[in-house]
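Listed below, chain by chain, are the residues.
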Amino acid sequence: MFGTQPIGRWSPERSSAAWQASEIAALCLRFREQIFLIRDPNGRIGVGVGGKFDAKDQGGSGFDVLSILPPLYPEWLGSREFTELHGLRFAYVSGAMANGIASVELVEAIAAAGCLGFFGSAGLSLEAVEKALHRLRKSLGPSDGSRPWGANLIHSPNEPELEAAVADLYIRHSVRKVSAAAYMKLTPSVVRYALSGLYLDEHGVVQRKNYLFAKISRPEVARHFMQPAPRQMVDKLVAEGLITESEGELSKRVTVAEDFTVESDSGGHTDNQPLTA
């Protein structure tokens, strides 16, 4: 909204004003610059970019300014805490579509754009997943490097050994960001991944090395990931040597997941119904 009373004057200087719809549309692409909504002596409304603005000049040269639109930076959209934590330019994530639909090439392109992409490892063989990890590390660097990337860990109730093997693969290859999908409850494999690498920093604050992104569509499932891991499961992981005693102790002070992907309806076994329109 803008008023009819001018708030100052705008002079084009070396820039020019846009009055036609096509010209105004073209200037909208310059959203990183300050934009002036202007009016000429005949009452015609236009847009100016650049130039000179004078809030005290109410009748000199140039055009009336009715409103000013500040610059808009896409990097500012979304959570700045999220981008800083994960080393991203933009707070955008591409999902881990199964069977490699979210391909290595897609993850590489997303990372090159400054966003976070997850490789769709669900449904693939362990060998295929490992091959993809090698390529991503070669093309993008470490998972938590300057071009972050991640991969998918899917709940496999009928193949717990495969789920455990994929989680182990991620730990061994230092995949620092994992999207956990289709979970109805916590499993030792997803908890092991989340807790591996927990440590205390110099300020006594618990820090993670592995960041779990939990995909959830039901509140009761979300609760599992939004609280510390069950003690019985943690103690068993410690006893089996899958996490250290220190990691097990520190797990009391953190939630299982760091981030959450919320979907209204997964359309699969997690909702026990078809996807609604």
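All of these numbers come straight from a predicted model, not from anything done at the bench.

What counts as what
Residues numbered from 1 in each chain as written. Predicted model: local features only at pLDDT ≥ 70, side-chain atom pairs only at ≥ 80, totals over all residues. Heavy atoms only, no water. Salt bridge = Lys/Arg side-chain N within 4 Å of Asp/Glu carboxyl O. Helix = DSSP H or I, 4+ residues; strand = E, 2+ residues; numbered from the N terminus. Buried < 20%, exposed > 50% of the residue type's maximum accessible area, 1.4 Å probe, protein only. Axes fitted to C-alpha atoms, helices over the stretch in contact; angles between N-to-C directions. Parallel < 35°, antiparallel > 145°, perpendicular 65-115°, else oblique. Contact = heavy atoms within 4.5 Å. Nonpolar A, V, L, I, M, F, W, Y, C, P; charged D, E, K, R; others polar. Phe/Tyr/Trp six-rings, centres within 6.5 Å; stacked < 30°, edge-to-face > 60°. Pairing = 2+ DSSP bridges. Right-handed = clockwise from strand over helix to strand, strands pointing away.

Caption draft 1: Examining the pattern of salt bridges more closely. Counted by the stated rule, this structure contains 15 salt bridges. Among the ionic pairs, glutamate 75 bridges to arginine 89, the shortest N-O distance being 2.8 Å. Residue glutamate 75 is located in the loop between β6 (63–69) and α2 (80–86), and its partner arginine 89 is located in the loop between α2 and β7 (93–94); the two are separated by 14 residues in the primary sequence. Its relative accessible area of 16% is what places glutamate 75 among the buried residues. Taking the relative accessible area as the measure of exposure, arginine 89 reaches 45% and is therefore partly exposed. Arginine 135 is the partner of glutamate 108 in a salt bridge, and the nearest nitrogen-oxygen pair spans 3.0 Å. Remark: arginine 135 occurs in helix α4 (residues 126–140) and glutamate 108 occurs in helix α3 (residues 104–112); sequence separation between them is 27 residues. Arginine 135 gets classed as partly exposed once you look at its relative accessible area, which sits at 37%.

Caption draft 2: Structural context of the packing of helix α5 (residues 160–172) against helix α6 (residues 188–195). Where α5 contacts α6, the two axes come as close as 9 Å, and the packing angle between them is 10°. Taken together, α5 and α6 sit at an angle that is classed as roughly parallel. Contacts from Glu163, Ala164, Ala167, Asp168, Tyr170 and Ile171 of α5 reach α6 at Ser189, Val190, Arg192 and Tyr193. The class makeup of the residues in the contact of α5 with α6 is six nonpolar, one polar and three charged.

Caption draft 3: How the structure looks around the packing of aromatic side chains. According to the stated counting rule, one finds eight aromatic pairs in the structure shown. Geometrically, the ring pair formed by phenylalanine 36 and phenylalanine 53 is stacked, given 5.6 Å between the ring centres and 25° between the ring planes. Here phenylalanine 36, found in strand β3 (residues 35–39), pairs with phenylalanine 53, found in strand β5 (residues 52–54); they are 17 residues apart in sequence, far enough to count as distant. Pairing tyrosine 73 with tryptophan 76 gives two aromatic rings, centres 4.5 Å apart and planes at 50°, and the pair type is tilted. You can call tryptophan 76 partly exposed: its relative accessible area is 48%. Among the aromatic side chains, those forming a connected cluster through ring pairs are Trp10, Trp19, Phe36, Phe53 and Phe63.

Caption draft 4: View of the environment of leucine 186. By the secondary structure assignment, leucine 186 is in the loop between β10 (177–181) and α6. Given a relative accessible area of 10%, leucine 186 falls into the buried group. When sequence neighbours within four positions are dropped, the list of residues in contact with leucine 186 reads Val191, His224, Phe225, Pro230, Met233 and Val256.

Caption draft 5: View of the sheet that holds β3. In spatial order, the strands read β2-β4-β3-β6-β1-β5; together these six strands make up an open sheet with antiparallel pairing. Either end of the sheet is taken by a strand with one partner, and the two such strands are β2 (17–18) and β5. Sheet topology note: the strand β1 (residues 8–11)/β5 ladder contains three bridges and is antiparallel. Across the sheet, arginine 9 pairs through a bridge with aspartate 54, a residue of β5.

Caption draft 6: Layout of the pairing of strand β9 (residues 150–154). Burial of β9 is extensive: four of the five residues sit out of reach of the surface. Relative to β9, strand β8 (residues 116–119) runs parallel, the two sharing two bridges. Pairing of phenylalanine 119 across the sheet is with alanine 151, part of β9. As for the winding sense of the linkage, the β-α-β connection from β8 through α4 to β9 is right-handed. Relative to β10, β9 runs parallel, the two being bridged by four bridges. Directly across from leucine 153, in β10, lies its bridge partner alanine 180. Note on the crossover from β9 through α5 to β10: the handedness is right-handed.

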